[in-house]
Amino acid sequence: MMMTTEATKYCRNHGRIYKCGVVAPTSNKSFTITLLEYLCTVTSRNFKEPAWKRRILRGEISVDGSIITDASYKLNAECRVSYHRPPWEEPKVDVVIMEGDDVSVPTSLGDGDDDPHILKILYQDEHLMAVHKPSGLPTMPSQTYFDYSVLNVLRRMPANLLNFSAPPQPVHRLGVGTSGVLLIATSLHGRKVLSCAIRDKRVKKVYRALVCGADTIPDTLRIDCDIGQVPFPIGGGTIHAACPSGFLQGSESSNCSDEERDVLLPETGRGGAKSALSLVRVVQRNVDANTAVVEVEIPTGRPHQIRIHMAFAGHPLVGDPLYLSGGVPDREPRLFPKRNKEDEDMDTDAEEEEDCDGKGEVGREEGGGVMRVPLPRDCGYSLHAYQITVEHPSIKDKWITFTANPPAHLSV
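The text that follows walks through the structure, step by step, so that each part is easy to find. Keep in mind that what you see is a predicted model, and the values were worked out from it rather than measured.

1. Brief notes about the layout of surface pockets
There is about 340 Å³ of room inside the second largest pocket. Taken together, 19 residues line the second largest pocket, and the ones lying closest to its centre are Lys-92, Val-93, Asn-152, Val-153 and Arg-156. Mapped by element, the contributors of at least two residues to the lining of the second largest pocket are strand S1 (10-12), strand S8 (89-91), strand S9 (94-97) and helix H3 (150-155). Here the lining of the second largest pocket is composed, by residue class, of 11 nonpolar, 3 polar and 5 charged.

Have a look at this one:
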């Protein structure tokens, strides 16, 4: 098995280029806009004016491919503007290709190791790949991590090691703190068929989780509760949470009061809430610790569904920093480790006010950390994508079950 030494667990990436749009044409032929004005009013990256000005002066903004260092540079219609983010340090990931890739044989891992620096390929062919994503590794790039994501780790692998006709593309997502099986399309045909299968609920997904309440959780639970966007003071102003309109069978109550439900639902309606169903089975109880290991099948796949539903049922995941009983987000600031401004794409000029794009760290520095509300990316909970059963995209009626053995504390 390929391993990473302590000295090589981190490396600098090559930076990232963000497209900031194209200057829209106008009927006013005399209309012009400066580069600084455009960046402050048009782009989706919500930096403040001083932050954009510094990025221009540092040579990080291009217009039609040429670096511009003059904030008052006049833009014409159809000009293409880009932000060239400098390289920053990210964790390094090694890829391990597991043995046994016969499509006719269910594939599983031989151990439950969960090293955030190792991505394991369980199976691959010309249309489909199954990987074991470790906890801590994002599925898709973000402002914090770019190379350190399943998508870019796979796309940067030498072509002779992988069998694909199109760039590898995850067809669903696992949360940053969630480990386990993740399906990847390796052809355009595979992407289309697998995406349709997930949309049509023809993929069976079973998770393992460690939850609170060994003495109160029923042996089985059917949780039917809509999930939608609710107000939240960071990350764009909303977050996914329980929007109760369904029902909970097998439990005495949802622990969600009418007042909490009124707060959750925006004035405009249900915030785009969608139906969500989770089928829960207790597989092990630890009465002394008041915890239980559960298996959860999710016919639907809403964002953070298991975390939200288990909290809605009154049995939140142990260590979940975000979702409280009732499936509501915790809005109380607490102390979190401080991240580097460079990693968060915030300004590093100490004499100026910090800035961020609405998704980074916002809070008061205190005791070497930062006081802020919890975010979906914050880990600490135990959730593992244990099994996925799917029909092969090019072999009709050939169903494959991929199994990633869980970490020791989720094993039974």
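So much for the structure itself; the text now carries on.
2. As for the pattern of salt bridges
Counted according to the given criterion, the structure contains 10 salt bridges. Notably, a salt bridge pairs Arg-58 with Glu-60, separated by 3.0 Å at the nearest N-O pair. Given a relative accessible area of 8%, Glu-60 falls into the buried group. The salt bridge partner of Arg-281 is Glu-295, with a shortest N-O separation of 2.9 Å. Here Arg-281 is found in strand S20 (residues 277-286), whereas its partner Glu-295 is found in strand S21 (residues 291-297), with 14 residues between them in sequence. On the basis of relative accessible area, Arg-281 is assigned to the partly exposed category, the value being 43%. Note on Glu-295: relative accessible area 13%, which makes it buried.

3. A word on the sheet that holds strand S4 (residues 61-63)
Pairing in this open sheet of 4 strands is antiparallel, and the strands run S2-S7-S4-S5 from one edge to the other. Each end of this open sheet is capped by a strand with a single partner; those strands are strand S2 (16-22) and strand S5 (66-67). The pairing of S2 with strand S7 (residues 80-85) spans 5 bridges and is classified as antiparallel. Residue pairing in the sheet places Lys-19 in a bridge with Ser-82 of S7.

Criteria and thresholds
- Residues numbered from 1 in each chain as written.
- Predicted model: local features only at pLDDT ≥ 70, side-chain atom pairs only at ≥ 80, totals over all residues.
- Heavy atoms only, no water.
- 1 Å grid on protein atoms, 1.4 Å probe; cavity = no way out; pocket = protein on both sides within 12 Å on 5 of 7 lines; lining within 4 Å.
- Points joined across faces, edges and corners; volume = space filled by probe spheres on them.
- Helix = DSSP H or I, 4+ residues; strand = E, 2+ residues; numbered from the N terminus.
- Nonpolar A, V, L, I, M, F, W, Y, C, P; charged D, E, K, R; others polar.
- Salt bridge = Lys/Arg side-chain N within 4 Å of Asp/Glu carboxyl O.
- Buried < 20%, exposed > 50% of the residue type's maximum accessible area, 1.4 Å probe, protein only.
- Pairing = 2+ DSSP bridges.

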